[in-house]
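Examination of the molecular architecture
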Amino acid sequence: MTLTEPSTRQAPSPQRKLTTAKAIVEGIAQEMERDPSVIVLGEDVGAYGGIFGSTTGLLERFGPERVLDTPISETAFIGLGIGAAVEGMRPIVELMFVDFFGVCMDQIYNHMAKIHFESGGSVRVPMVLTTAVGGGYSDGAQHSQCLWGTFAHLPGMKVVVPSTPADAKGLMISAIRDDNPVVYMFHKGIMGLPWMAKNPRSVGPVPQEAYEVPIGKAAVVRPGRDLTIVTLSLSVHHALDVAEELAGEGVECEVVDLRSLVPLDTTTILESVGRTGRLMVVDEDYLSFGLSGEIVARIAEQDPSLLRAPVARVCVPDVPIPYARTLERAVLPTHDRIRTAAHRLMEGRSIAARPTTAGRR
């Protein structure tokens, strides 16, 4: 089964619901059953089941030869995964927090992402690098970043970021089957774990059979006519909450869930902005030099006439994520910040409708 619609999310069969964590595990398990070359390795992925539940039960099901708990050396076990991929395996390697990329970026970017190019295309690296991202839990500056813009900026890796249980499973299966290295980033706030902040959409319908969600296809998760909100991961849920509130005020927001950053589905973004004429990008990554600027640039390059009002960006300002709860909430793209930005966009500050000021003082 393949979910192929680029612009609307297909509703899975409603007979059962899973948390995002369980959906990820199910996708991995089905691929491990189908393909004996699929293995899992990383810190606490075995007996503990992954600190965010992303590998729960795999050790008991597939044994220690295919589910490997590794020492605390990201450089070593990511390098191990790269070597296994080059030799024909399909490893899934978990980097516990994306913030730890600094100690192993040589393996990720100088090897995992470049070997295929450096070999003239003769060597493949079919590897999935999974990692937890996101703030909101007072985990401090070294455990709360998203950084998907950093990975998307570096060529040679696909980057996927699910927001729902159904997409989490389908994107995982697509990532495992892909012959390229794929960075699979899951936000802690979408996993549906009982000890984290409750998110009602972290539990949702998931088909039982194996299926793929195509990498590089965004989804319009809520249609609208007045304002396009382009976002991803946990911010999709915040955007949907705001859209539901604004609908009561007569403002219909269209919410686009990117799902993939590399490749980026520019077509769906342009089509949505063409319908609404207004754009807000909500991104839990840093404001400068990142995803939000890339999306705005693509519209400016391809058809700036689509915009009837200035663009709004709701992102993390260029500061480390604070530990203090009040300060952390102040920098994250929260419901309140999204709602405020939407109101400002809808205040009638239309580019096309502005009277000319030529010759006036």
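Summary of the structure given here.

Attention now goes to the overall build of the protein chain. Each helix and strand counted, the protein chain has twelve helices and 14 strands in total. The C-alpha radius of gyration of the protein chain comes to 21 Å, within 12% of the 21 Å expected for a compact globule of 361 residues. With the principal axes as the frame, the protein chain shows a C-alpha extent of 75 × 45 × 45 Å. Out of the 361 residues in the protein chain, the part that is buried amounts to 56%. If you take every contact in the protein chain between residues at least 6 apart in sequence, the share linking residues at least 24 apart comes to 83%. Carbon and sulfur atoms form 54% of the exposed surface of the protein chain, whose accessible area is close to 15000 Å². Taking the average place of the 34 positive charges on the side chains of the protein chain and the average place of its 42 negative ones, the gap between the two points comes to 8 Å.

Angle between the axes and distance between the axes: these two values describe a pair of packed helices. Direction vectors running N to C along helix α9 (residues 266-276) and helix α10 (residues 291-302) enclose 70°, while the axes themselves pass 11 Å from each other. As far as their axial angle goes, α10 and α9 are roughly perpendicular. Counted together, Thr266, Ile269, Leu270 and Val273 of α9 and Ile295, Arg298, Ile299 and Gln302 of α10 form the full contact between these two elements. For the contact of α9 with α10, the residue count by class is five nonpolar, two polar and one charged.

Time to look at the sheet that holds strand β14 (residues 312-316). Spatial strand order, β9-β11-β10-β13-β14: five strands in an open sheet with mixed pairing. Two strands lie at the open edges of the sheet, namely β9 (219-222) and β14, each paired on one side alone. Ignoring which end each strand starts from, the neighbouring axes of this sheet average 25° apart. Looking at chain direction, β9 and strand β11 (residues 253-257) are connected through three bridges and run antiparallel. For Val220, the partnering residue across the bridge sits in β11 and is Val256. This element, α10, spans β10 (227-231), β13 (279-286) and β14 of the sheet and lies at about 150° to β13.

Tracing the sequence through the fold places Ser202 in the loop between β7 (182-187) and β8 (203-205). Taking relative accessible area as the criterion, Ser202 reaches 4% and is therefore assigned buried. When neighbours within four sequence positions are excluded, Ser202 is seen to be in contact with Leu18, Thr19, Thr20, Pro165, Ile190, Met191 and Gly192.

What follows is about the pattern of salt bridges. Following the criterion strictly, the structure yields 20 salt bridges and no others. Taking the shortest distance from any N to any O, the salt bridge between Asp178 and Lys158 comes out at 2.7 Å. Taken together, the positions of Asp178 in the loop between α7 (165-177) and β7 and Lys158 in strand β6 (residues 158-160) put the pair 20 residues apart, joining distant regions of the chain. Among the residues examined, Lys158 registers a relative accessible area of 22% and is labelled partly exposed. If you follow the salt bridges from partner to partner, you end up with Glu31, Arg34, Arg177 and Glu212 in one network.

The subject of this paragraph is the sheet that holds strand β12 (residues 260-262). The sheet built from seven strands is open, its strands ordered β3-β2-β4-β5-β7-β6-β12 with mixed pairing. Pairing within the sheet leaves two strands with one partner each, and these edge strands are β3 (67-69) and β12. Averaged over neighbouring strand pairs, the angle between their axes works out to 20° when direction is ignored. Pairing of strand β5 (residues 128-133) with β7, which is carried by six bridges, proceeds in the parallel orientation. Bridge pairing in β7 links Val128 to Val182. Together, β2 (38-42), β4 (90-97) and β5 form the strand contacts of helix α3 (residues 74-86), whose direction differs from that of β4 by roughly 160°.

Criteria and cut-off values
- Residues numbered from 1 in each chain as written.
- Predicted model: local features only at pLDDT ≥ 70, side-chain atom pairs only at ≥ 80, totals over all residues.
- Heavy atoms only, no water.
- Helix = DSSP H or I, 4+ residues; strand = E, 2+ residues; numbered from the N terminus.
- Rg over C-alpha atoms; globule rule 2.2 N^0.38 Å.
- Buried < 20%, exposed > 50% of the residue type's maximum accessible area, 1.4 Å probe, protein only.
- Contact = heavy atoms within 4.5 Å.
- Areas by Shrake-Rupley, 256 points an atom, 1.4 Å probe, with all protein chains shown as cover.
- Lys, Arg positive; Asp, Glu negative; His and termini not counted.
- Charge placed at Lys NZ, Arg CZ, Asp CG, Glu CD.
- Axes fitted to C-alpha atoms, helices over the stretch in contact; angles between N-to-C directions.
- Parallel < 35°, antiparallel > 145°, perpendicular 65-115°, else oblique.
- Nonpolar A, V, L, I, M, F, W, Y, C, P; charged D, E, K, R; others polar.
- Pairing = 2+ DSSP bridges.
- Salt bridge = Lys/Arg side-chain N within 4 Å of Asp/Glu carboxyl O.

From the geometry alone we can't say anything about function, so treat these as descriptive.
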